[in-house]
Protein chains: 2
Amino acid sequence: MDPIAYVNGSFVPLSDAKVSVLDRGFLFADGIYEVAAVLDGKLIDNASHLSRLERSVGEIKLKLPETVERIQEIQKELVARNKLANGLVYLQVTRGADKGRDFPFPASDVKPTLVMFTSEKDIVNAASARTGINVITVPDIRWERRDIKSVALLAQVLAKQAAAEAGAGEAWMIQDGQVTEGGSSSAFILTQDDVIVTRHNSNAILPGCTRKAVVTLAAERQLRIEERPFTIAEALAAKEAFITSASAFVQPVVAIDGKKVADGKPGPIATRLREIYIGFAKATAV
Amino acid sequence: MDPIAYVNGSFVPLSDAKVSVLDRGFLFADGIYEVAAVLDGKLIDNASHLSRLERSVGEIKLKLPETVERIQEIQKELVARNKLANGLVYLQVTRGADKGRDFPFPASDVKPTLVMFTSEKDIVNAASARTGINVITVPDIRWERRDIKSVALLAQVLAKQAAAEAGAGEAWMIQDGQVTEGGSSSAFILTQDDVIVTRHNSNAILPGCTRKAVVTLAAERQLRIEERPFTIAEALAAKEAFITSASAFVQPVVAIDGKKVADGKPGPIATRLREIYIGFAKATAV
């Protein structure tokens, strides 16, 4: 069955869901996106995603074409129309399509584009959560405003393609000898002293919604947390490593560049945090 | 009249020229573009643009869906269908639309997208070529592979929007105290010793086609050239400053951040190089 997508006010079959070639998302990567998980037909941590959406569009002075309340209604309607039980809702807003192509922002009567579509994914029962994933490392060659969740993702495409070619599930990006984050996830380690370490938010990384929730949930359970950069040497000397993202929740990292992390098996803290996050997700789903 | 655009094998009215919301150009900025000028219905320096296109797609392992010979035929047909005398032909190739959204490259049966459209512009008689333009400076926050002409242009959008808000015609981007290039042009100065200076090609800048032609044309006329970075202080102490691009040819820069370059008027070398370039363009147009 052709899934249903949303494009600028209309629900249409995904195969008919199109935007103008003049859309600034297509021509300039002049757009912002968010991905929210769906469990049992409900949106996970969506307020956090919509709050980050508002922040990102504000940073590039892009006005949302709908209120975030209305955006959530559309997300829910799209989930319902697709009878989506478990998966993802993707949304993208761009600075719209002008009459031609010119770098500066278009006139204010050019309406931003809002697109959404869904995909099925059984995040809770993902095999990779039980086995853990391998990661590779690549240089972080991205721009200096990685805190903005823009669709200018070519560097991440190349990083994650390199990971795929290496049979790895994620690429950790390295700058000045330290891990910034994964191509589409946040990076964590658990030190030998039982401290959970993940890089602090700054322009160097995306402020991960799942990262934020996991840090909060861990702190509530008296787990020790340090938000600071770490190196691959530290990660390889760690008790555990893991990633977080909206589309994977928490997943153990069992090898980095072909070298095992600890005994090369998912660790108890990553596994526990995954269970805690899934509990939080289900309890707060909307 | 609605102009005619080209989308994946079809010539269609621009208002009907659309791509899937799953197009990787829209979702990931996973695409490359080129802009060639048109004078008297003929393409300017197009072999250079197509050569750069081949290089750019090669750097991101994107296979062109047509030969460059066929692409030039399409460009010419589009110029003819639009009865375009003077203007620009824009072309963009992306890694196509898969069935869903996933960062790594899609399977090889996903055909790349090829889009083209034209716009009218009287580059030769542009008023700004007679008056010169003001530029502002902004930090260069782009990624580390600026030699690839990708559509991940959000940093350039923000730079050129800042220029537009300041009433300037271009933004010169600064890294480590030196000019890299303009938001959509190459940057040049003429020193007090009559040396034309423009930054050397590297990953830090786009290898400009017009830049390359102007450097060659200047060298053929025994003008002295140095390809190296320069600072804004050097530019403000220079005899002249100017930019080059396919859509502007050569244009004098008469002020930087509100400070005059020399006497604040277009200089003789920029004006001469502009005339020389236009002569070259017309003589080699196809």
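Caption draft 1: Seen up close, the nonpolar core. Within the largest apolar cluster, 132 residues are counted, with the highest numbers of intra-cluster contacts made by Val 21 of chain A together with Val 21 of chain B. By size, the runner-up hydrophobic cluster in this structure holds 18 residues, among which are Ile 189, Val 197, Val 253 and Val 261 of chain A.

Caption draft 2: Geometry of the sheet that holds strand 1 (residues 4-7) of chain B. All names here are of chain B. Spatial ordering of the open sheet is given by 2-1-7-6-4-5, a layout of six strands whose pairing is antiparallel. The sheet is open, and its two edges are formed by strand 2 (10-13) and strand 5 (42-43), each paired on a single side. Pairing of strand 1 with strand 2, which is carried by four bridges, proceeds in the antiparallel orientation. Of the residues in strand 2, the one forming a bridge with Val 7 is Ser 10. Sitting on the sheet, helix 3 (residues 68-81) touches strand 1, strand 2, strand 4 (31-39), strand 5, strand 6 (87-94) and strand 7 (113-120), and the angle it makes with strand 7 is about 40°.

Caption draft 3: Fine view of the domain arrangement of chain A. All names here are of chain A. By domain assignment, chain A separates into domain 1 (4-120) and domain 2 (127-284). Tallying the contact residues gives 21 residues for domain 1 and 20 residues for domain 2. Taking both partners together, domain 1 and domain 2 bury about 1,800 Å²; carbon and sulfur atoms supply 64% of that area. The largest contributions to the domain 1 side of the interface with domain 2 come from Tyr 33, Asp 45 and Arg 52, which together make up 32% of the buried area. On inspection of domain 1 and its partner domain 2, the count reaches two salt bridges.

Caption draft 4: How the structure looks around unusual backbone geometry. All names here are of chain A. Here Lys 61, not a glycine, exhibits a phi torsion of approximately 55°, which is positive. By the element assignment, Lys 61 lies in the loop between helix 2 (46-59) and helix 3 (68-81). Looking at Lys 61, the relative accessible area reads 61%, which means it is exposed. Located in the positive-phi region is Asp 176, a residue other than glycine, with phi close to 50°.

Caption draft 5: Representation of the pattern of salt bridges in the model. As enumerated under the stated definition, the model contains 34 salt bridges over all chains in all. Linking Lys 160 of chain B and Glu 170 of chain B is a salt bridge whose minimum nitrogen-to-oxygen distance equals 3.0 Å. Of this pair, Lys 160 of chain B sits in helix 5 (residues 154-165) while Glu 170 of chain B sits in strand 9 (residues 170-175), and the two are 10 residues apart along the sequence. You'll find Lys 160 of chain B and Glu 170 of chain B in the same group, each marked buried. Here the salt bridges share partners, and the residues they tie into one network are Arg 55, Glu 59, Arg 145 and Asp 147 of chain A.

Caption draft 6: Molecular detail of the packing of helix 2 (residues 46-59) of chain B against helix 3 of chain B. All names here are of chain B. Two numbers describe how helix 2 lies on helix 3: the axes approach to 11 Å, and their chain directions differ by 130°. The orientation of helix 2 relative to helix 3 falls into the category oblique. The element helix 2 and its partner helix 3 pack so that their crossing is right-handed. Taken together, the residues of helix 3 that come into contact with helix 2 (itself represented by Asn 46, Leu 50, Leu 53 and Glu 54) are Val 68, Ile 71, Gln 72 and Gln 75.

Caption draft 7: Structural view of the relation of the copies chain B and chain A. After a rotation of 180° and a shift along the axis of 0.0 Å, chain B superposes on chain A with an RMSD of 0.0 Å. These values place the two chain copies in the arrangement generated by a two-fold rotation axis. When the interface residues of chain B are mapped onto chain A, 100% of them are again interface residues, pointing to one common binding face.

Caption draft 8: Fine view of the packing of aromatic side chains. Tallying each qualifying case throughout the model produces 16 aromatic pairs over all chains. Look at Phe 188 of chain A and Phe 242 of chain A: their rings are 4.8 Å apart centre to centre, the planes differ by 15°, and that puts the pair in the stacked class. In this pair, Phe 188 of chain A is assigned in strand 11 (residues 186-190) and Phe 242 of chain A in strand 14 (residues 240-245), connecting sequence segments 54 residues apart. One exposure class covers both Phe 188 of chain A and Phe 242 of chain A, and it is buried. Between the aromatic rings of Trp 172 of chain B and Phe 230 of chain B, the centroid separation amounts to 5.8 Å while the plane-to-plane angle is 70°, which identifies the pairing as edge-to-face.

Caption draft 9: The arrangement of the side chain of Arg 142 of chain A in detail. Along the polypeptide, Arg 142 of chain A turns up in the loop between strand 8 (133-139) and helix 5 (154-165). Looking at Arg 142 of chain A, its side chain comes within polar contact range of the side chain of Glu 181 of chain A, at 3.0 Å. In contact with Arg 142 of chain A, other than residues within four places in its own chain, are Ala 155, Gln 156, Met 173, Thr 180, Glu 181 and Ala 204 of chain A together with Arg 142 and Trp 143 of chain B.

Caption draft 10: View of the environment of Thr 231 of chain B. Residues and elements named next belong to chain B. With respect to the helices and strands, Thr 231 occurs in the loop between strand 13 (224-227) and helix 7 (232-236). Sequence-wise, Thr 231 and Ile 174 are 57 residues apart; in three dimensions their C-alpha atoms are separated by 8.3 Å. Setting aside chain neighbours within four positions, we find Thr 231 in contact with Gly 177, Gln 178 and Val 179. Within the local environment of Thr 231, its side chain forms a polar contact with the backbone nitrogen of Glu 234, the two atoms lying 3.0 Å apart.

Rules used throughout
- Residues numbered from 1 in each chain as written.
- Chains lettered and ligands numbered in written order.
- Predicted model: local features only at pLDDT ≥ 70, side-chain atom pairs only at ≥ 80, totals over all residues.
- Heavy atoms only, no water.
- Core = buried A, V, L, I, M, F, W, Y, C linked by side-chain atoms within 4.5 Å.
- Buried < 20%, exposed > 50% of the residue type's maximum accessible area, 1.4 Å probe, protein only.
- Pairing = 2+ DSSP bridges.
- Helix = DSSP H or I, 4+ residues; strand = E, 2+ residues; numbered from the N terminus.
- Contact = heavy atoms within 4.5 Å.
- Axes fitted to C-alpha atoms, helices over the stretch in contact; angles between N-to-C directions.
- Domains from an automatic or database assignment.
- Buried area = accessible area lost by both parts, 1.4 Å probe.
- Salt bridge = Lys/Arg side-chain N within 4 Å of Asp/Glu carboxyl O.
- Parallel < 35°, antiparallel > 145°, perpendicular 65-115°, else oblique.
- Left-handed = near helix turned anticlockwise from the far one by under 90°.
- Least-squares fit on C-alpha atoms with pLDDT ≥ 70 in both.
- Phe/Tyr/Trp six-rings, centres within 6.5 Å; stacked < 30°, edge-to-face > 60°.
- Polar contact = N/O pair within 3.5 Å; in protein donor to acceptor, adjacent residues only side chain to side chain.

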